[in-house]
Amino acid sequence: MLETPAPVTPEPAADYDPDSADPQPHGALAALIGRILAEIEDLQFQSFSKDDALDLGLRLVELGRQRSHPIAIDITKGEQVLFHAALEGATPDNERWIRAKYRTAVRYEVPSLLVGLRARAAGRRIEDDPWFDPQEFAAHGGSFPIYLRGTGMIGAVTVSGLPQKADHELVVEALAEILGRPGLPGR
């Protein structure tokens, strides 16, 4: 019986900071994009129920509390909010960010961080495109699609309250744990 080879994951790009105006290490942006593409492939569910949403949401609450993160958490499938919580320190602004990041992930069917990074890789900012309404969308990290293997995106899990890369990484950490992939490369 042939074994399926493990996915090849690029080296982590811990040096790239999407919030920094400082020069970034050569190749760091491409490495981060590659890592996110590998996360998309690795972090897919076989099925996703309301109980799965609750487990994922509670795991994010637990991680947020352990680390004293002032975050808001949302898991939405279609028009239905399956989980929503705001931890100590979260503000009403986090709710706006959650909706804007979620709309971005849903529109492009990829993590919201990836949308902004791809624009940067093309030498521009997506916010400068005339069709990109920053009142409706946010190409900042924190919203990660919920993918069903063989089906595609069915919803998204979103966190707001930390720097955008940290929001993204917290969601990826929780997804990896829920999916039994805590050793996901790049974590």
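Draft legend 1. Quick look at the confidence of the model for the protein. Per-chain confidence: the protein averages 89 in pLDDT, with 90% of residues scoring 70 or above. Scored below 50 in pLDDT, residues 1-14 shows 17 contacts in the model against residues more than four places distant or in partner chains.

Draft legend 2. Local environment of the pattern of salt bridges. Enumeration according to the criterion identifies 11 salt bridges in this entry. Between Arg-35 and Glu-169 there is a salt bridge whose closest N-O contact spans 3.2 Å. Highlighted residues: Arg-35 in helix H1 (residues 28-42) and Glu-169 in helix H5 (residues 164-178), separated in sequence by 134 residues. Residue classification places Arg-35 among the buried positions, given a relative accessible area of 3%. For the salt bridge of Glu-177 with Arg-59, the shortest nitrogen-to-oxygen distance reads 2.3 Å. One end of the pair, Glu-177, is in helix H5; the other, Arg-59, is in helix H2 (residues 50-66), and 118 residues separate them in sequence. With a relative accessible area of 28%, Glu-177 lands in the partly exposed category.

Draft legend 3. Representation of the sheet that holds strand E5 (residues 152-160). One open sheet accounts for five strands, arranged E1-E4-E5-E2-E3; its pairing is mixed. Both edges of this open sheet fall to strand E1 (44-45) and strand E3 (80-86), since each of them pairs with a single strand only. Sheet topology places strand E2 (residues 72-77) next to E3; six bridges connect them, and they run antiparallel. Looking at E3, one finds that Ala-72 is bridged to Ala-86. The sheet strands contacting helix H3 (residues 92-108) are E2, E3, strand E4 (143-148) and E5, and the helix crosses E5 at an angle near 155 degrees. Strands E1, E4 and E5 of the sheet are contacted by H5, whose axis makes an angle of about 125 degrees with E5.

Draft legend 4. Quick look at the packing of H1 against H5. Packing of H1 against H5 leaves a shortest axis separation of 12 Å and a crossing angle of 30 degrees. In terms of their interaxial angle, H1 and H5 are classed as roughly parallel. The crossing of H1 and H5 is left-handed. Contacts between H1 and H5 involve Leu-32, Arg-35, Ile-36 and Glu-39 on the former and, on the latter, Lys-165, His-168, Glu-169 and Val-172. Considering only residue class, the contact of H1 with H5 consists of three nonpolar, one polar and four charged.

Draft legend 5. Spotlight on the pairing of E5. With seven of nine residues buried, E5 lies mostly within the body of the structure. As paired strands, E2 and E5 are joined by five bridges and run antiparallel to one another. By the bridge assignment, Ala-72 is partnered in E5 with Ser-160. If you look at the hairpin formed by E4 and E5, you'll find three residues sitting between the two strands, and Gly-150 has a positive phi there, around 85 degrees.

Draft legend 6. Spotlight on the packing of aromatic side chains. A complete count under the given rule lists five aromatic pairs for this structure. Plain terms: the ring middles of Tyr-108 and Trp-131 are 6.3 Å apart, the flat faces sit at 50 degrees to each other, and that makes the pair tilted. Of this pair, Tyr-108 sits in helix H3 while Trp-131 sits in the loop between helix H4 (112-121) and E4, and the two are 23 residues apart along the sequence. With a relative accessible area of 29%, Tyr-108 lands in the partly exposed category. Ring geometry for Phe-144 and Tyr-147: centres 6.2 Å apart, planes at 85 degrees, overall edge-to-face. Each member of the pair, Phe-144 together with Tyr-147, is buried. The structure contains a cluster of three or more aromatic residues connected by ring pairs, namely Tyr-108, Trp-131, Phe-132 and Phe-137. Here Arg-96 stacks its cationic end above the ring of Trp-97, 4.9 Å away from the centre of that ring. Taking the ring centre of Phe-137 as reference, the NZ or CZ of Arg-107 above it sits at 5.1 Å.

Rules behind the numbers
- All residue numbers refer to position in the chain's written sequence, counted from 1.
- Thresholds applied to this predicted model are a pLDDT of at least 70 for local features of residues and 80 or more for the giving and counting of side-chain atom pairs; totals over whole chains, interfaces and linings are not thresholded and use all residues.
- The side-chain values count all of the structure's non-hydrogen atoms but skip hydrogen atoms and water molecules.
- Looking at any residue, its pLDDT shows the predictor's confidence there, from 0 to 100.
- Contacts are assigned to residue pairs with any non-hydrogen atoms lying within 4.5 Å of each other.
- The rule for a salt bridge is simple: a side-chain nitrogen of Lys or Arg has to be within 4 Å of a carboxyl oxygen of Asp or Glu.
- A helix here means a DSSP run of H or I that spans at least four residues, while a strand means a run of E at least two residues long, and both kinds are numbered starting from the N terminus.
- Relative accessible area decides the class of each residue, using a 1.4 Å probe on protein chains only: under 20% of the type maximum gives buried, over 50% gives exposed, and in between gives partly exposed.
- Pairing between strands is defined by DSSP: at least two bridges between the two strands are required.
- Only the contacting stretch of a helix is used when fitting its axis, a line to C-alpha atoms as for every element, and angles between N-to-C directions run 0 to 180 degrees.
- These descriptions rest on fixed angle ranges, namely under 35 degrees for roughly parallel, over 145 for roughly antiparallel, 65 to 115 for roughly perpendicular, and the rest for oblique.
- It is the rotation of the near helix from the far one that decides the hand of a crossing: anticlockwise by less than a right angle makes it left-handed, clockwise makes it right-handed.
- Put simply, Ala, Val, Leu, Ile, Met, Phe, Trp, Tyr, Cys and Pro go in the nonpolar bin, Asp, Glu, Lys and Arg in the charged bin, and everything else, Gly too, in the polar bin.
- Two rings from Phe, Tyr or Trp (for Trp, the six-membered ring) form a pair when their centres are within 6.5 Å of each other. A pair whose planes differ by under 30 degrees is stacked, one over 60 is edge-to-face, and the rest are tilted.
- We call a charge positioned over a ring when the NZ of a Lys or the CZ of an Arg lies within 6 Å of the ring centre and within 35 degrees of the ring normal.

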